[in-house]
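A look at the structure
The lines below spell out each chain.
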Amino acid sequence: EAQVTQNPRYLITVTGKKLTVTCSQNMNHEYMSWYRQDPGLGLRQIYYSMNVEVTDKGDVPEGYKVSRKEKRNFPLILESPSPNQTSLYFCASSQGGNNSPLHFGNGTRLTVT
Amino acid sequence: AQSVTQLDSHVSVSEGTPVLLRCNYSSSYSPSLFWYVQHPNKGLQLLLKYTSAATLVKGINGFEAEFKKSETSFHLTKPSAHMSDAAEYFCVVSALAAGNKLTFGGGTRVLVKP
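Presented here is an overview of the structure given in this document.

In this section: the packing of aromatic side chains. All names here are of chain A. Applying the stated criterion across every chain, the model contains 11 aromatic pairs over all chains. With 5.9 Å between their ring centres and 65 degrees between their planes, Tyr-64 and Tyr-89 make a pair best called edge-to-face. One end of the pair, Tyr-64, is in the loop between β6 (54-57) and β7 (65-66); the other, Tyr-89, is in strand β9 (residues 87-94), with 25 residues separating them in the sequence. Its relative accessible area of 6% is what places Tyr-64 among the buried residues. Given the relative accessible area of 1%, Tyr-89 is considered buried.

Another point: the pattern of salt bridges. Counted under the stated rule, the structure contains eight salt bridges over all chains. Two residues, Asp-38 of chain A and Arg-44 of chain A, come together in a salt bridge whose shortest N-O distance is 2.8 Å. The class for Arg-44 of chain A is partly exposed, based on a relative accessible area of 26%. Asp-85 of chain B is the salt-bridge partner of Lys-78 of chain B, the closest N and O atoms lying 2.8 Å from each other. If you follow the salt bridges from partner to partner, you end up with Lys-18, Lys-65 and Glu-79 of chain A in one network.

The rules behind the values
- Residues numbered from 1 in each chain as written.
- Chains lettered and ligands numbered in written order.
- Predicted model: local features only at pLDDT ≥ 70, side-chain atom pairs only at ≥ 80, totals over all residues.
- Heavy atoms only, no water.
- Phe/Tyr/Trp six-rings, centres within 6.5 Å; stacked < 30°, edge-to-face > 60°.
- Helix = DSSP H or I, 4+ residues; strand = E, 2+ residues; numbered from the N terminus.
- Buried < 20%, exposed > 50% of the residue type's maximum accessible area, 1.4 Å probe, protein only.
- Salt bridge = Lys/Arg side-chain N within 4 Å of Asp/Glu carboxyl O.

Just distances and angles here, no functional claims.
The structure is reproduced here in structure tokens:
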């Protein structure tokens, strides 16, 4: 089954404790992206990757890191989480190109206390 | 530059009545436009997309949207709402000339009353 898998689904952590949210897709997609969803703000792009070893900042990259060492994986890293990073996070992938629809994971709800 | 405005943050309809979700966009390029639906505790799922072919686009679950360039709108409609349509809906604009950047609207939450 074609899918984007994020882990974990729920995560509660404390300020400053490094964490990683994993994302994997099995569709051989070139394009992958991370979004955060906050009430009334829709989805805002954090980082995206056009291909292996190619990453770029989205609209809200501060406080986040990503890597794309393999085509299928695109982890999101919070080196020193803060409470304002409490949010619902989505990973998505597509074949690339502005006509290509995104395939989304089921989300990771992060709470930073 | 590009932006998306969903004109209603919440819409309430009765089951069996029409649904209208309004979306206006702004883009300096020739955009592609999408509608996604998000059910509770789920990721977003594509409903339909416009990519400069027919201006009336049919999607899944009986939804359709009409691209109106003169009005810079891409409103989503369904003739008869079903209880399963209760969800949040996002209008999205993308443009190749903008580096394939996707810009999301703020979302419209649909409530369907029995």
